[in-house]
Amino acid sequence: QVELVESGGGMVQAGGSLRLSCAASGRTFSDYAMAWFRQAPGKEREFVAHINFSGEDTYYIDSVKGRFTISRDNAKNTVFLQMNSLKPEDTAVYYCAATSVVVVTTSLMLYDYWGPGTQVTVSS
């Protein structure tokens, strides 16, 4: 069992930055690849970014490339999402998730554990 708790959400103006954190507890953190998803009101939850077990490889959806950076600190059991140049369309609840799948996966169904989410609101 892995427990995930996100933090760092809030309200920011367009062009601003936020840094989300996701603290993990339970089983060995480095046994899991991690990802961030988001869900805007009235929309399905969508994949945002993925980082592999060691933190060496990352993957992003096109809409956040060059603006968002995912990273992890296995010594502190934490994954981060640095979000720069935020846009109103980035407004959503952001979730971190853990998977034991080795390859990059954007499918919600393949993630074993989820945090409760943190709200990010970007005003224009």
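Draft legend 1. Up close: the nonpolar core. Counting 36 residues, the largest nonpolar core has Leu4, Met34, Trp36, Val79, Leu81, Met83 and Tyr94 as its most contacted members. At the level of elements, strand S1 (2-7), strand S3 (18-26), strand S4 (33-39), strand S5 (46-51), strand S7 (68-73), strand S8 (78-83), strand S9 (92-99) and strand S11 (118-123) are the ones that each hand at least two residues to this core. Leaving out residues up to four positions away in the same chain, Tyr94 has contacts with Glu6, Leu20, Trp36, Phe37, Arg38, Phe68, Leu81, Met83, Gly117, Thr118 and Val120.

Draft legend 2. Main features of the state of the cysteines. The final tally for this structure, using the stated rule, is 1 disulfide. The disulfide partner of Cys22 is Cys96, and the S-S distance across this bridge is 1.9 Å. Given an S-S torsion of about 45°, the disulfide between Cys22 and Cys96 has right-handed geometry. Remark: Cys96 occurs in strand S9 and Cys22 occurs in strand S3; sequence separation between them is 74 residues. For Cys22, a relative accessible area of 0% gives the class buried.

Draft legend 3. Structural detail: the side chain of Asn52. Of note, Asn52 is situated in the loop between S5 and strand S6 (58-60). Given the relative accessible area of 15%, Asn52 is considered buried. In this structure the side chain of Asn52 is engaged in a polar contact, spanning 3.0 Å, whose partner is the backbone nitrogen of Glu56.

Draft legend 4. Focus on the pairing of S11. Residues Thr118, Val120 and Val122 line the buried face of S11, whereas the alternating positions Gln119, Thr121 and Ser123 sit on a face that is not buried. Strand direction decides the pairing type here: strand S2 (residues 10-13) and S11, joined by 4 bridges, are parallel. The residue of S11 that forms the bridge with Met11 is Thr121. Relative to S11, S9 is paired through 3 bridges, and the arrangement is antiparallel. Along S11, the bridge assignment pairs Ala92 with Val120.

Draft legend 5. Representation of the environment of Pro116. Residue position: Pro116 is located in the loop between strand S10 (113-114) and S11. Residues Pro116 and Ala97, spaced 19 residues apart in sequence, show a C-alpha to C-alpha distance of 9.8 Å. Filtering out sequence-adjacent residues up to four positions away, Pro116 remains in contact with Leu4, Val5, Glu6 and Tyr95.

Procedures and definitions
Residues numbered from 1 in each chain as written. Predicted model: local features only at pLDDT ≥ 70, side-chain atom pairs only at ≥ 80, totals over all residues. Heavy atoms only, no water. Core = buried A, V, L, I, M, F, W, Y, C linked by side-chain atoms within 4.5 Å. Buried < 20%, exposed > 50% of the residue type's maximum accessible area, 1.4 Å probe, protein only. Helix = DSSP H or I, 4+ residues; strand = E, 2+ residues; numbered from the N terminus. Contact = heavy atoms within 4.5 Å. Disulfide = S-S within 2.5 Å. Polar contact = N/O pair within 3.5 Å; in protein donor to acceptor, adjacent residues only side chain to side chain. Pairing = 2+ DSSP bridges.

Any functional reading would require information that these geometric values do not contain.
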